[in-house]
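Coordinate inspection notes
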Amino acid sequence: MPYKDFRAWIGKLEEEGELLRVKDHVRLEPDVGASAQASILTDGPGLFFENLPGYPPSHTLTIALMGSLRRLALSLDLPRSTSRGDLVQEMARRFDEPLIKPVRLSSAPLKEEKHFGNDVNLFEFPLHRLNMGDGGPYLTKTHIITKDPETGWTNVAMYRMQVKDRAKTNVWFTQGQHGGIIYRKWESLGKPMPMAVAFGVDPALTWMAVSKTQPGVDEYDMAGTLRGEPFEVVPAETVDLNVPASAEVVLEGYVPPGIREFEGPFGEYPGSYSHYHRIMVFEIKAITHRKNPIFDAIHIGKVPNENSVIFSVNRPVADTKYMRQRFPEVMAVVPYPGSAMEVIQGNFRRHGDARRVMLGWFMGPHTDNVKHCIVVDEDIDPYDPAQVLWALSYRFQADRDLVIIPNFSSVGFDPSEERSGLVTLCGFDATKPKPPHPRYEMIGWVEPWKETEVWKKRIAKNWERRN
Amino acid sequence: MGNIPACPRCNNTDTRLVSESPISGVWRMYGCSHCTFLWRDTETLEGVRTMTEEEIKGAVLDFPPPSPGGSIGGK
């Protein structure tokens with residue numbers, strides 16, 4: 001059964017022992033960021049803060065709810081013991097199902113409290129500096145809803161937002177991401193872009209906000225497909241947008257054209273502070289929220305972070321699908337959590353096929369965030385770093401098998417970039433020689449005796465008896 | 001209300017009170033109108049790096065407005 005709302009999701013986490021309610025008094029800085037980092041580092045629980053300084057007990061905060069594979073499994077209504085590989089396969093399967101249109105309701109608990117104009121104050125919610133070097137409090141677990149002015153396509157995405165005032169933030173769009181593409185259209189028309197931002201939602205929508213999808217596909221439809229039932233929305237109060245009925249809090253407002261303001265730094269997903277930038281601003285006209293709202297945040301900062309845990313599942317789903325559509329010989333595309341590296345596993349028949357696949361990968365949408373790929377054969381488990389490193393050692397020669405493409409556009413967060421927004425892509429062809437490669441006939445690969453499997457069982461049985 | 005301190009990041013004195021805690025008297029959030037830094041008066045600010053004018057002026061503009069007439073505000 002999909003989750004009715006954020007509170008149902010919280011209830012499930014509690015039932016499964018995956019939520020820690022922190023009733024002690026904590027400081028907004030540094031305790032929120034420090035505890036979230038500790039939870040991720042120890043593969044610990046999601047955190048629910050009930051006693052925050054300066055806030056009544058009715059105003060609470062959650063963080064790191066999607067910071068473990070166990071909770072990611074629960075977010076998809078799967079057993080908490082589901083492996084990463086099985087999570088990836090199940091999510092890919094659901095995304096191949098037909099789209100399910102959202103249902104528009106006339107009212108929802110989200111509308112229990114409404115603030116307009118001068119009554120808008122973001123500090124009604126427990127905002128905090130997440131990493132010590134951040135330029136201020138940030139809204140992190142954002143579900144940013146925008147609509148294409150030409151086609152009506154609704155996009156939901158997660159971008160960082162630096163809080164600047166009671167009713168004003170920055171919002172991070174890059175030119176290649178869907179939010180940026182839509183904003184560019186509004187800006188070209190000379191019109192402010194209507195925007196809403198939801199916090200505390202059914203996790204199906206969070207998956208959509210962090211996943212790469214085809215442009216033009218409504219993410220409310222995709223969220224319905226992922227949860228197996230229509231996603232429920234309600235009309236916003238001041239902008240022509242539908243917002244998640246299940247949300248705890250929604251901000252409404254506009255991103256004006258032609259305005260860029262100072263932003264940053266922020267401890268981003270590579271584990272480094274991003275540069276100082278001048279980016280778009282969001283002017284908030286209304287806030288609606290449930291009574292006793294639970295404000296939700298995500299941990300981004302030193303790797304591993306909550307972001308890297310989520311990406312370890314949704315990246316392979318999107319990237320494998322993208323690559324398989326173009327190259328049927330591709331078996332899996334697997335990112336290494338917290339890194340900018342992906343492993344492509346394939347069943348290659350001819351020498352040079354791996355190189356062709358590599359070039360296809362370079363052209364994919366994922367290269368916004370990843371820059372290295374290692375291509376391996378079908379006999380290498382891409383989830384096992386030891387096997388991948390073995391292939392990189394004995395099926396790869398740097399002068400022959402390394403492909404480098406400099407000056408490739410990026411999202412601009414990589415701290416090793418010489419110039420912001422430009423990276424060097426690098427591919428390692430760690431596949432076996434195949435015909436017509438001249439060494440193909442010379443090289444033999446040691447395969448285990450077929451009796452090895454029998455012996456595995458015999459040894460395990462005897463060992464167990466002895467112990 | 002008391003004095004509003006200079007910005008701990010750029011040392012500019014063009015600072016303001018942004019918000020007070022919903023339960024009165026627990027904290028105040030201040031903002032710098034020059035470098036846009038926000039801080040709470042209960043923070044130690046141990047990890048905050050000071051900024052120079054060159055850094056403020058050199059902020060990256062990687063999504064420029066479409067027309068040369070577009071305003072690029074510094075605040």
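Residues numbered from 1 in each chain as written. Chains lettered and ligands numbered in written order. Predicted model: local features only at pLDDT ≥ 70, side-chain atom pairs only at ≥ 80, totals over all residues.

So, about the domain arrangement of chain A. Residue and element names in this part refer to chain A. Taken domain by domain, chain A comprises domain 1 (6–297) and domain 2 (327–429). Residue-level contacts link 10 residues of domain 1 with 11 residues of domain 2. Counted by class, the side of domain 1 that touches domain 2 contains 2 nonpolar, 6 polar and 2 charged residues. (Domains from an automatic or database assignment. Contact = placed C-beta atoms within 7 Å. Nonpolar A, V, L, I, M, F, W, Y, C, P; charged D, E, K, R; others polar.)

Moving on: the interface of chain A and chain B. Each partner contributes residues to the interface: chain A has 40 residues there, and chain B has 35 residues. Contributing elements (two or more residues each) for the side of chain A that touches chain B: strand 9 (161–165), helix 5 (178–188), strand 15 (261–263) and strand 16 (277–289) of chain A. In terms of residue class, the side of chain A that touches chain B is built from 13 nonpolar, 16 polar and 11 charged. (Helix = DSSP H or I, 4+ residues; strand = E, 2+ residues; numbered from the N terminus.)

Right, let's talk about the sheet that holds strand 18 (residues 330–335) of chain A for a bit. Residues and elements named next belong to chain A. Strand order in the open sheet formed by 5 strands is 18-19-20-22-21, with mixed pairing between adjacent strands. Either end of the sheet is taken by a strand with one partner, and the two such strands are strand 18 and strand 21 (402–409). Adjacent strand axes in the sheet meet at a mean angle of 15°, parallel and antiparallel pairs treated alike. With 5 bridges joining them, strand 18 and strand 19 (residues 341–346) adopt antiparallel strand pairing. Bridging across to strand 19, V334 finds its partner in V343. Of the strands in this sheet, strand 18 and strand 19 touch helix 8 (residues 306–326), which is tilted by about 150° from strand 18. Seen against the sheet, helix 9 (residues 353–362) touches strand 18, strand 19, strand 20 (372–376), strand 21 and strand 22 (422–429) and runs at an angle of roughly 160° to strand 22. (Pairing = 2+ DSSP bridges. Axes fitted to C-alpha atoms, helices over the stretch in contact; angles between N-to-C directions.)

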